[in-house]
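# Survey of secondary and tertiary structure
If you want the building blocks of each chain, they are given just below.
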Amino acid sequence: MERNIYKEALSRLDLAASYPKVDPEIVEKLKHPKLCLKVSVPVRMDDGSLKIFEGFRVHHNDLRGPTKGGIRYHPLVNIKEMEAFAFLMTMKCAVAGIPFGGAKGGISVDPKKMSPMELERLTRNYIDLIADSIGPEKDILAPDLNTNPMIISWILDQYSNIVRHAAPAVVTGKPIPLGGSQGREGATGRGAYYCIKELEKIHGWKPEEIRVAIQGFGNVAQSVAELLYKDRYKIVAASDSQGGIFQSKGLDVPSVIQLKKESREIQDVYCKGALCKLADGKRITNEALLELDVDILIPAAIENQITKKNADKIKARFIVEIANGPTTTEADGILNKKGVFIVPDILANAGGVTVSYFEWVQNKYGYYWSLKKVNAQLHKIISQEFKNIYHLMDKHKVDMRTASYIHALNRHCEAATSQGTYSYFSKNKK
Ligand code: NAD
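These notes cover the structure that comes with them. In this numbering scheme, every chain counts its residues from 1 along its sequence in written order. Since the coordinates come from a predicted model, pLDDT governs what is reported: local features require at least 70, and pairs of side-chain atoms require 80 or more to be given and counted, while whole-chain, interface and lining totals use all residues. Excluding hydrogens and water, the side-chain values take into account all heavy atoms of the structure.

### Regarding the overall build of the chain
Every helix listed is a DSSP run of H or I at least four residues long, and every strand listed is a run of E at least two residues long, numbered separately from the N terminus. In terms of regular secondary structure, the chain is built from 16 helices and 12 strands. Over its C-alpha trace the chain gives a radius of gyration of 21 Å, about what one expects of a compact globule, namely 22 Å for 430 residues. For the chain, the C-alpha atoms occupy an extent of roughly 75 × 60 × 50 Å along the three principal directions. Counting all 430 residues of the chain, 58% fall into the buried class. A fraction of 69% describes how many contacts in the chain between residues 6 or more apart in sequence connect residues 24 or more apart. Accessibility throughout is a Shrake-Rupley quantity obtained with a 1.4 Å probe, and a residue counts as covered only by protein chains that appear here. When the accessible surface of the chain is summed, it comes to about 18,900 Å², and 53% of that surface belongs to carbon and sulfur atoms. Positive residues here are Lys and Arg, negative ones are Asp and Glu, while His and the chain termini are left out of the count. In this description, the location of a charge corresponds to atom NZ of lysine, CZ of arginine, CG of aspartate or CD of glutamate. Positive and negative side-chain charges in the chain, numbering 60 and 49 respectively, have mean positions lying 3 Å apart. With C-alpha atoms as the basis for the radius of gyration, the globule rule is written as 2.2 Å multiplied by the number of residues raised to the power 0.38. Three labels apply to residues, based on accessible area from a 1.4 Å probe with only protein chains included: buried if under 20% of the type maximum, exposed if over 50%, partly exposed otherwise in between. In what follows, a contact means two residues having at least one pair of non-hydrogen atoms within 4.5 Å.

Have a look at this one:
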């Protein structure tokens, strides 16, 4: 049966709501996205034919600020998935304490089968269709799976053409010359790295003794791998959609990243070469990578990778979820029983939206920060929220995912109760 990621996310919300006794109205409201947009995106292909692709944009909740969320290009994109990810964004922004609500968008397409010009037409036509629902004060876009800085700059250009002025704050993850922030490209990986450094402080391990496997070797995975490698963590395995490589003594991460970069020709949007064909090491499948005997497993590819089918075979002691929704609730139960410690997606990958917020602030302010300032502010937020959530784990005797939801819900409730809830209005009834 196909996984209903939205239903799972809501069951995690219900569980969290039972701890601090949240007003049921607030929880009920969070269960319903504010707006779900479905558009048909026409594209004139290079051979002259016309193709129509399904596109989506979901605003989940804007109580704490304008909605914010990535755009993904993938054949499996669908409305239910978008609703789930938009919900996760609402929770993630609340976890990080930044004044945004959640959104998500995407197009059901295999972008690697398109030429760069087809991809540009697809992107611009999609923006034309959703333009009324987005904007710096309304809904801010960002990169996600298969949407890189070049695609982001087409989004910016198209939106600016529509509103007839430069509007850099409509999308984050822009190239720096177009108003991007220093440090945004590596921010999601850096946020996950700061979470691992918090674990390092708690457990007192030596980095050189810690073996790490990373599933997915895209933007985010490469930046966390680079930072961990510099600290002498052993990255023993990495993979992409075509398979992976394993080296027990640890991969030479900078040269693997270099090979991946070189496999993108100047006119191509995506890498051409598969990791397992480019770099040295024993070839392994993505399934085998997840089951390796390592200390830390980092799923950094797509959702639904750790399920009830393989949860029992996972040997890692820690899982740091960079991908959104890589672990199903059933798998969560199995892993918790086994004592596997999971740093959940809404905390582990919150570095991206945090620096996106910094980018938006800089665009609106028209004054740009140094890399040092961006990284210092990011570190402050992620390590503080990690500690806040760790404290809640202890207080409520729950796993880190539940504690993260409790933390997000507490922040959301502070905003919701300021507008009044049932108890306020029923008391004031004439
Ligand atoms: P990306 O497109 O740069 O990289 C994705 C990588 O995953 C690629 O190497 C791809 O080959 C690989 N992959 C795809 N399908 C796979 C499969 N079935 N098995 C193994 N590998 C597979 O994307 P990214 O920006 O690095 O994002 C990675 C994940 O992190 C996504 O789930 C995304 O939602 C999440 N995320 C990204 C950001 C961000 O700032 N980019 C922020 C939060 C969360």
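### Regarding the environment of threonine 90
Examined against the element boundaries, threonine 90 turns out to sit in helix H3 (residues 79-96). Overall, threonine 90 belongs to the buried group, its relative accessible area being 4%. When neighbours within four sequence positions are excluded, threonine 90 is seen to be in contact with Leu30, His60, Asn61, Gly101, Gly102 and His412. For threonine 90, the side chain forms a polar contact with the side chain of histidine 60, separated by 2.7 Å. Polar contact is defined as a pair of N or O atoms within 3.5 Å, subject to the rule that within protein one atom must be able to donate a hydrogen and the other to accept it, and that residues adjacent in sequence are counted only when both atoms are side-chain atoms.

### Some thoughts on helix H13 (residues 350-365)
The end-to-end C-alpha distance of H13 is 23 Å, a good match for the 22 Å that 16 residues give at a rise of 1.5 Å each. The element H13 is extensively covered by neighbouring structure, given that 13 of its 16 residues are classed as buried. Count one or two residues on from H13 and you reach glycine 366, which has phi positive near 70°. To estimate the expected span of a helix, subtract one from its residue number and multiply by 1.5 Å.

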